[in-house]
Amino acid sequence: MAPTEVPMPISAMPTRWGLFTGHQLGWMGAGALPVYVLLRAHLAAAEALLAGSPWLLAASALAFGRCQGRALDAFLGDWARFQIQPKVLLHPELFRAPDSARFTPVDARHRSALPWTRP
């Protein structure tokens, strides 16, 4: 029996330049940009590296860091989107109600018990 080829999407494969992916090189370039600007402004090399080191460290963390099995920049982007999205809780019996009465917004301003619970 001949082996069967399994199709694989090549668009999702990371492109590599040496040991780095394009994504990692982009973050490293973004981290090196402040140092480059400071060097072009005729700041001494040691001072430029010292002043730009927070950006270099942050870019390195975003380029190579992982959190819960995902790239750190993707994880932080999803976390930020989750934080700014509206939070809505639904009572199970409201599914039988008309659409206008289905949604009950609940956020940090409501410190008391939810409207469908009894204290």
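The present account deals with the structure reproduced in this document.

Calculation notes
- Residues numbered from 1 in each chain as written.
- Predicted model: local features only at pLDDT ≥ 70, side-chain atom pairs only at ≥ 80, totals over all residues.
- Heavy atoms only, no water.
- Helix = DSSP H or I, 4+ residues; strand = E, 2+ residues; numbered from the N terminus.
- Buried < 20%, exposed > 50% of the residue type's maximum accessible area, 1.4 Å probe, protein only.
- Contact = heavy atoms within 4.5 Å.
- Areas by Shrake-Rupley, 256 points an atom, 1.4 Å probe, with all protein chains shown as cover.
- Lys, Arg positive; Asp, Glu negative; His and termini not counted.
- Salt bridge = Lys/Arg side-chain N within 4 Å of Asp/Glu carboxyl O.
- Polar contact = N/O pair within 3.5 Å; in protein donor to acceptor, adjacent residues only side chain to side chain.
- Axes fitted to C-alpha atoms, helices over the stretch in contact; angles between N-to-C directions.
- Parallel < 35°, antiparallel > 145°, perpendicular 65-115°, else oblique.
- Left-handed = near helix turned anticlockwise from the far one by under 90°.
- Nonpolar A, V, L, I, M, F, W, Y, C, P; charged D, E, K, R; others polar.

Comments concerning the overall build of the protein
Piece 1. Along its length, the protein carries three helices and six strands.
Piece 2. The secondary structure elements of the protein, listed N-terminal to C-terminal, are β-β-α-α-β-β-α-β-β.
Piece 3. Relative to its full complement of 119 residues, the protein shows a buried share of 12%.
Piece 4. Across the protein, contacts joining residues at least 24 apart in sequence account for 33% of those joining residues at least 6 apart.
Piece 5. By element, 66% of the accessible surface of the protein is carried by carbon and sulfur atoms, the whole surface being about 10,000 Å².

Re the side chain of Asp-73
Piece 1. When you line up the elements, Asp-73 lands in helix H3 (residues 72-84).
Piece 2. For the buried Asp-73, which has no salt bridge, the nearest side chain bearing the opposite charge is Arg-66, at an N-O separation of 7.6 Å.
Piece 3. A polar side-chain atom of Asp-73 sits 2.5 Å from a polar atom in the side chain of His-23.
Piece 4. Other than its neighbours up to four places away in sequence, Asp-73 contacts His-23, Trp-27 and Leu-62.

Some words on the packing of helix H1 (residues 22-40) against helix H2 (residues 45-64)
Piece 1. Orientation of H1 relative to H2, taken along the N-to-C sense of each, is 165°, at an axis distance of 8 Å. In terms of orientation, H1 and H2 fall into the roughly antiparallel class. When the axes of H1 and H2 are compared, the crossing they make is right-handed. Of the residues in H2, those touching H1 at Gln-24, Trp-27, Met-28, Gly-31, Ala-32, Pro-34, Val-35, Leu-38 and Leu-39 are Ala-45, Ala-48, Leu-49, Ala-51, Gly-52, Trp-55, Leu-56, Ala-59, Ser-60, Leu-62, Ala-63 and Phe-64.
Piece 2. In terms of residue class, the contact of H1 with H2 is built from 17 nonpolar, four polar and no charged.

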